[in-house]
Amino acid sequence: MIRTVKLTKIFGTEEVETTALNAINFEVKKGEFVAVMGPSGCSKSTLMNIIGLLDSPNSGEFFFDGIDVARFKESQRTELRKGNIGFIFQSFNLIDELNVYENVELPLLALKTPGAERKRIIEEMLEQLKISHRKKHFPKQLSGGQQQRVAIARALITKPKLILADEPTGNLDSANGEQVMQILEKLNSEGTTIVIVTHSAEHAARAHRIVNLFDGHIITEQYGKKFTTAKLFTEPTLYPEN
Amino acid sequence: MFKQFFTLAIRNILKDKLFSFINFTNLVIGFATFILVALIINEELSWDKGNENYDRIYRLQLFMDEPASTTQHTWSVTAALSRHDLVKLPEIEKIALLHDVSDNNMEGVFLSPDKKNQFLIRYGYFSDQSIFDILTFKFLEGDMQKALTQPNSVVLSKTVANKLFPSEKAIGKVVYGENKVQFTVTGVYADFAANTSLTPQYLLPMASFGPISNFKDYETNYWAYAFYTYVLLKPNANPANVDKQIFSALKDYRKEHHPYLRPLSMLHLNPYFQKDYHIFLSIISATALFILILSSINYINLQTANATTRLREIGIKKSVGFSKKMLLRQFVGESVLSSFVSGLLGIYLAQLSLPLFNKIIGSNMLTSVFDSWSLLGIILVVTVITGILSGLYPAYVIASYNPVKALKQKFVQDDANGFSLKKALIVIQFSISLFLLIVSFIVYKQTNFMTTMNLGYNHNNLLYANVTTYKVGSFEQVRDRLLQHPEIEDACYSNYVPYILPGGDVLSWEGAKSDDKVFVRISKVSYDYQTTFKMQIEQGRNFSREYADKNSCMINETATRIFNWKDPIGKSMKVFGKDYTVIGVMKDYYPQSPHNAIEPHLFRLMADSVGLTGLYTIRFAPGKEQKAMQIVKDEFERSYPEDVARFKDYEHLVNMDNANKGWEMFRNITIFLAILSIIISSIGLFGLVMFYAKRKLKEIGLRKVFGFSLGSLYYTMTSGFISYILLSVLLAWPAGLYVYRNLPGATKYPLQIWEFLLATAITLIVALLTISFQVLKASQVDPAQILKDE
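Residues numbered from 1 in each chain as written. Chains lettered and ligands numbered in written order. Predicted model: local features only at pLDDT ≥ 70, side-chain atom pairs only at ≥ 80, totals over all residues. Heavy atoms only, no water.

**What to know about the packing of helix α5 (residues 144–156) of chain A against helix α6 (residues 174–189) of chain A**
All names here are of chain A.
Here is step 1: One can describe the packing of α5 onto α6 by two numbers: an axis separation of 10 Å at closest approach and a directional angle of 15°. Of the possible angle classes, the one that applies to α5 and α6 is roughly parallel. By crossing handedness, the relation of α5 to α6 is classed as right-handed. Judged by residue contacts, Gly145, Gln148, Arg149, Ile152 and Leu156 of α5 engage Asn176, Gln179, Val180, Ile183 and Leu187 from α6.
Here is step 2: Looking at the contact of α5 with α6 residue by residue, the class counts come to five nonpolar, four polar and one charged. (Axes fitted to C-alpha atoms, helices over the stretch in contact; angles between N-to-C directions. Helix = DSSP H or I, 4+ residues; strand = E, 2+ residues; numbered from the N terminus. Parallel < 35°, antiparallel > 145°, perpendicular 65-115°, else oblique. Left-handed = near helix turned anticlockwise from the far one by under 90°. Contact = heavy atoms within 4.5 Å. Nonpolar A, V, L, I, M, F, W, Y, C, P; charged D, E, K, R; others polar.)

Here it is in structure tokens:
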């Protein structure tokens, strides 16, 4: 699903250059549940933004579903992102001026889904995430847990192949956090590929694999509780020798 | 998609009410102003369009090819041209000859229903019946087909009919003209709209002109330039062909004079190929456009600044797959929506402020915004275009945000020192406001200069009346009796006075090359004309009772200059076939508004034994107007018992002058527009500084922590804006100077730097006040609070 080769991202002003990602080789297979961990400022979010096609790398290769997208222009990235990737953010990122229903509707509008079908899909999704009774409410009228469920509904509404969740439980209490994790696990079990950034070792452990990032490098990889060797080793070696 | 577009747009408008209020006020005022000015322009362009044959109607005019003359065009032509030359031309369908009943009398002549109740009525014409085939009349009473076919018939406008015969039908009634001529009403027509160049109040048959005026051979006379001619061309006829054929029609009489046709569409705006009116209208239109640009710039700046509040929305939309094009469409769409709504509100505001605006421009011509649907259509198109143009840049900025930064709600700081569109727009905005302010000052000073300047005579403390009488005899006795009263200082009698412009003739002079000729204004005055008006004698002497001045004349300074006479006294002038000796040179005075150049002028003595029809001017002692009025009234009632002499304050003539009125309207409108431009700029600045201050809160907080004074905070916040104003001086001052140089009119007030300095100071002060409000508010912040928020 995702494969990067020597992926590098440098942020720079005229005076100072910061290497956020330093020649990273990283892979996520279809159906995998990967957790990315690391201290603040270790460029976890930068990695997420690039694999989410929100940002582009300075150098290196980046294959999304077999296509090299490293050199894609913004419009091409947008086109590929549309419907294929769902984002869940720590700060929910709901539009305050839109109500629950309208927020969830956004990705379908981008896809130009016809009205009647749109309505059906949204109703279904709201039902599934148990927020249909709140559909006329605005984000500010909801609890954090409810807001995150709306954000998840929005991420899932197009049935994306890949869900990127950047600290989805970071702003939630443990009960609500647990709920979110359960939703993600369920999705994964239904076949959706998931990459999650988290500070919680407990949450990370529920992934197939944990990637530890430090200062722009991947320092360790370990396997989570869901790890199954059979799945991983049926494919050839992932990374070329350094 | 549309539903969400509208809900989002409306909720965003309601989200920040102060911002939306500023934003909409700005656009609404901009559009309302644009609409009001568009109404004026539309009104100016709509003149005479009420005529069904608008495109085929022409007026006969003369081009007088005399380079030394100021007056080179006239529509006073000879009757013989119509009767002999035009009738032969195949292109012409109808010709109507007219003669102004009141002639040189600007006040009009008296009509009465019963010999007693006299009504002074202007714009009466002797006319051919064919005028009804050319201009569009709507008859309310009588038969238009034969209304002017019988001698001594009269056709009245509705207004005149109502004046003379209130509450009864006018048709068949008798109307008495001055000198007691009797007419029978054969028709009543609806009043002409205000935007009509020829507005007859009543018409008399041309057949009556000869007998009444005792001018029997007028139809064969090629010398009397006293008639107006309107022509209807056949469909598809080319007026240039007509011009070609009549170009030399006067070669046997005055070979320098060439008749031509001027289309009806030009009669109001530019009858004589002069730019004056066009300059006025251009400046006003440009100003309106500038104000719309100001509003658009405000919109662009405010929208761009406000984009920071939409960062999250942009980030989210981009992350779920909205393309840049979709976002661009959304934000341009929002600005078109705002602009369109503002346009509608602007139309409403314009309609509400129409009475006030009419008062400002001193007219009552603008009746309703909803009179012209095509204009409204154009305005709505303009609102959409404004919306697109002013929405494009902010939309582009917004849609181009990097989604990652947008989601982090990080505002991309624009380059602090380099060129940025926003800075350029602010400079343009200040330049426009400053420019408009300078122009309004220039026009203000010019108008005041013209209306208060020394015109070469004293028009205060004068009474005047135009008297039509059969009486022949001495005015001297009347004058002697008047002067016995201490309230009366002087009195004179003449056929023209300043502001009632005499005609003239093309004259040659001693020492002129054979071809040199110039148009000279000619008037007749009594001995005391010069002293009554307090005009100055430059050389020689005034007409005097001690000399036999029957064959003497006076000329003005301009005439001596054009004739190039070093010693004019004793020189001879041939006027209407008679020789006159120059006895004196009158110091130049303005015979009409100083907007018009002074032309050569020749004065002959009004012999004391002639008919006493003419203008009587009385100078009264200062402060004695009421008393003097009574004395004059009593004297004229006694001396002219048969006639009407209605004296008026001379200022009436000054105020009625078209050029003076035009300038006053121009002055009022430019001041009005300049004030609006300052208001709009301030609104924009207010909004902009509001955002700027929000962004600078952290800096202000830090500075406060380090103990900076309010003064230095103020300096940090304002120095940028002040430098923009100073930069705009570089654009606005030369533009202002350009306008001054191109002001229409013969006289210009001496330019001073004060207009420019004052305008700059005002712009600066208004800007500083606007900024100060925000700066003071921002400096009230609690630094601890701000820094904690970071």
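**A look at the interface of chain A and chain B**
Here is step 1: Opposite the 26 residues of chain A that make contact, chain B presents 22 residues.
Here is step 2: Interface of chain A and chain B: buried area, both sides summed, is about 2,300 Å²; carbon and sulfur atoms make up 59% of it.
Here is step 3: The tally of links between chain A and chain B comes to three salt bridges.
Here is step 4: In this structure, the salt-bridge partner of A:Glu74 is B:Lys318, at a minimum N-O distance of 2.8 Å.
Here is step 5: Counting across the interface, chain A meets chain B through nine residue pairs in polar contact (both at pLDDT 80 or more).
Here is step 6: For the side of chain A that touches chain B, the secondary structure elements donating two or more residues are α2 (74–81), β6 (85–89) and α3 (100–110) of chain A.
Here is step 7: The element best represented in the side of chain A that touches chain B is α3(A), accounting for six residues. (Buried area = accessible area lost by both parts, 1.4 Å probe. Salt bridge = Lys/Arg side-chain N within 4 Å of Asp/Glu carboxyl O. Polar contact = N/O pair within 3.5 Å; in protein donor to acceptor, adjacent residues only side chain to side chain.)

**What about the pairing of strand β4 (residues 109–112) of chain B?**
Residue and element names in this part refer to chain B.
Here is step 1: By the alternation rule, side chains of β4 split into Val109 and Leu111 and Phe110 and Ser112, which are all buried.
Here is step 2: The pairing of β4 with strand β5 (residues 119–121) spans three bridges and is classified as antiparallel. Across the sheet, the residue bridging to Leu111 is Phe119, located in β5.
Here is step 3: In textbook terms, the turn of a hairpin is the stretch between consecutive antiparallel strands, and for β4 and β5 this stretch comprises six residues, one of which, Lys115, has a positive phi near 70°.
Here is step 4: The sheet contact formed by β4 and strand β9 (residues 174–177) spans two bridges and is antiparallel. Note on β9: the bridge partner recorded for Leu111 is Gly177. (Buried < 20%, exposed > 50% of the residue type's maximum accessible area, 1.4 Å probe, protein only. Pairing = 2+ DSSP bridges.)

**What about the sheet that holds strand β3 (residues 33–37) of chain A?**
Picture the strands of a sheet paired through backbone hydrogen bonds; they go either parallel or antiparallel.
Residue and element names in this part refer to chain A.
Here is step 1: Strand order in the open sheet formed by six strands is β6-β7-β8-β3-β9-β10, and the pairing between neighbours is mixed. Strand pairing shows two members of the sheet lacking a second neighbour, β6 and β10 (217–223), which therefore form its edges. With direction set aside, neighbouring strand axes in the sheet form an average angle of 15°.
Here is step 2: Taken together, the five bridges between β6 and strand β7 (residues 162–166) define a ladder with parallel strand orientation. Pairing of Phe89 across the sheet is with Asp166, part of β7.
Here is step 3: Contacts between α6 and the sheet are confined to β3, β6, β7 and β8 (193–197), with β8 contributing the most and set at about 150° to the helix.

**Considerations on helix α9 (residues 276–306) of chain B**
Here is step 1: For α9(B), with 31 residues, the first-to-last C-alpha span of 45 Å sits near the 45 Å given by 1.5 Å per residue.
Here is step 2: In terms of burial, α9(B) is a largely internal element, 22 of the 31 residues being buried. (Expected span 1.5 Å × (residues − 1).)

**Remarks on the packing of aromatic side chains**
All names here are of chain B.
Here is step 1: For the coordinates displayed, the defined rule picks out 45 aromatic pairs over all chains.
Here is step 2: The interplanar angle of 25° and the centroid separation of 4.7 Å between the aromatic rings of Tyr493 and Tyr616 together place this pair among those described as stacked. Highlighted residues: Tyr493 in strand β15 (residues 488–494) and Tyr616 in strand β23 (residues 614–620), separated in sequence by 123 residues. Comparing Tyr493 with Tyr616, the two get one shared label, buried.
Here is step 3: An aromatic cluster of at least three residues, connected via ring pairs, comprises Tyr457, Tyr464, Tyr529, Phe533, Tyr589, Phe603 and Tyr650.
Here is step 4: The aromatic ring of Phe322 is capped on one face by Lys317, whose charged end is 5.2 Å from the ring centroid.
Here is step 5: Here Lys748 stacks its cationic end above the ring of Tyr740, 5.6 Å away from the centre of that ring. (Phe/Tyr/Trp six-rings, centres within 6.5 Å; stacked < 30°, edge-to-face > 60°. Lys NZ or Arg CZ within 6 Å of the ring centre and 35° of its normal.)

Geometric descriptors of this kind do not, in isolation, establish any biological role.
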